[in-house]
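# Structural overview for review
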Amino acid sequence: FENIESFLNNNNELAWIAIFIFAFMESFILSGIVVSSAILFSVCIFVFNMDLLPLHIIVLVATLGSHLGDMSGFLFGKTIGPSLLSTKFISKREKTIKRAQKFLDKTGSYTVILGRFIPAIRAIVPFLLGISDLKAVRFYVADVIACLCWGVALALLVTGVGSLIDNVMLSVFILVVSSIAVIYLLIQLIKAGRQGRFLQTLRDLLIILLAILMTAA
């Protein structure tokens, strides 16, 4: 990170470009695996503390970069996804994959919003939803909402408000998100049980969970 600081000190006018690039890279499927969100946050904090850019410009540029990265990952899944599904490994599991796609299509909007706040799966969620049958317009709207909420959280972190309440609020946030996720999944399983699709829905949920765990690892 010292090299990045040195570069920004010598090229102040490129600070907004650096923020945009790192925001895009940590959100896009191919680069998000390598580029950590911690790098983006560090760059934003450095730019703010050095008065290279005002806070609203930092948040705006980072939000736009993240949104573009998400949309690129989604479209990448739409275009490359079909070829991946035609491979021998995937074709053997065609029925399982289709069930997972249907589930993602139904819960896509919620998955986008939750995924934006979980760094381990942030880049993979748009790609997986791109492979699913989720409509681009539905993903776009959900991702705009998710990125705007994320932008507010970024502003709190950059200004130091986030660090003052970091430990307590992080625990509360994790508890709230986990509770919402568990409640939502239970509701889906109850509905599926009433419709005689309990085991099928449970299997779809386990597939998605496995994909998330593999990404996080």
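Residues numbered from 1 in each chain as written. Predicted model: local features only at pLDDT ≥ 70, side-chain atom pairs only at ≥ 80, totals over all residues. Heavy atoms only, no water.

### What about helix 2 (residues 15-25)?
Applied cut-off: Categorising residues by exposure relies on relative accessible area from a 1.4 Å probe, with only protein chains included: less than 20% of the type maximum marks a residue as buried, more than 50% marks it as exposed, and the intermediate range marks it as partly exposed. Put simply, DSSP H or I for four residues or longer makes a helix, DSSP E for two residues or longer makes a strand, and each gets a number counted from the N terminus. Comment: arc refers to directions from the helix axis out to C-beta atoms.
Every buried residue belonging to helix 2 is among A15, A18, I19, F22 and A23, and all of these are buried. Projected onto a plane normal to the axis of helix 2, the buried residues spread over an arc of 125° and lie on a single side.

### With respect to helix 4 (residues 37-49)
In plain terms, the rule: One less than the number of residues in a helix, times 1.5 Å, gives the span that helix is expected to have.
Between the first and last C-alpha of helix 4 there are 18 Å, a value that for 13 residues agrees with the 18 Å anticipated at 1.5 Å per step. What helix 4 keeps buried is the set S37, L40, V43, C44, F46 and V47. Positive phi shows up at D51, right after helix 4, with a value of about 60°.

### Regarding the pattern of salt bridges
Note the cut-off: The salt bridge definition used is simple: a Lys or Arg side-chain nitrogen within 4 Å of an Asp or Glu carboxyl oxygen.
Summed over all chains, the structure comprises two salt bridges. Two residues, R122 and E26, come together in a salt bridge whose shortest N-O distance is 2.8 Å. Here the residue R122 occupies a position in the loop between helix 7 (94-116) and helix 8 (124-131), and E26 occupies one in the loop between helix 2 and helix 3 (29-32), the gap between them amounting to 96 residues. Judged on exposure class, the residue R122 and its partner E26 are both buried. A salt bridge links D70 to R116, with the nearest nitrogen and oxygen atoms 3.2 Å apart. With a gap of 46 residues between them, D70 in helix 5 (residues 55-85) and R116 in helix 7 connect regions that are remote in the sequence. Here R116 falls in the buried class, since its relative accessible area comes to 2%.

### A closer look at the environment of S132
Among the secondary structure elements, S132 is positioned in the loop between helix 8 and helix 9 (136-159). With 54 residues separating them in the primary sequence, S132 and K78 have C-alpha atoms 7.9 Å apart.

### Focus: the confidence of the model for the chain
Rules: Per-residue confidence from the prediction method is given by pLDDT, with values spanning 0 to 100. By the convention used here, residues are in contact when the closest approach between their heavy atoms is within 4.5 Å.
Within the chain, residue pLDDT values average 75, and 63% of them lie at 70 or more. Mean pLDDT in the chain bottoms out at helix 10 (residues 161-164), which sits at 52, and peaks at helix 2, which reaches 94. Taken together, the stretch residues 211-217 has pLDDT below 50 and engages in six contacts with residues farther than four places along the chain or on a different chain.

### Points about the packing of helix 2 against helix 4
Note the cut-off: Each axis is a line fitted through C-alpha atoms, taken for helices only over the stretch in contact, and angles between the N-to-C directions span 0 to 180 degrees. Any angle from 65 to 115 degrees is called roughly perpendicular, while one under 35 is roughly parallel, one over 145 is roughly antiparallel, and all others are oblique. Crossings are sorted by hand: turned counterclockwise from the far helix by less than a right angle, the near helix makes the crossing left-handed, and turned clockwise it makes it right-handed. By the convention adopted, Pro, Cys, Tyr, Trp, Phe, Met, Ile, Leu, Val and Ala count as nonpolar, Lys, Arg, Asp and Glu as charged, and the other residues, Gly among them, as polar.
Where helix 2 meets helix 4, the axes come as close as 9 Å, and the angle between the chain directions of the two elements is 160°. As far as their axial angle goes, helix 4 and helix 2 are roughly antiparallel. Note on packing geometry: the crossing formed by helix 2 with helix 4 is left-handed. Within the contact between the two elements, helix 2 uses A15, I19, F22 and A23 and helix 4 uses I39, L40, V43, C44 and V47. Partitioned by chemical class, the residues of the contact of helix 2 with helix 4 number nine nonpolar, no polar and no charged.

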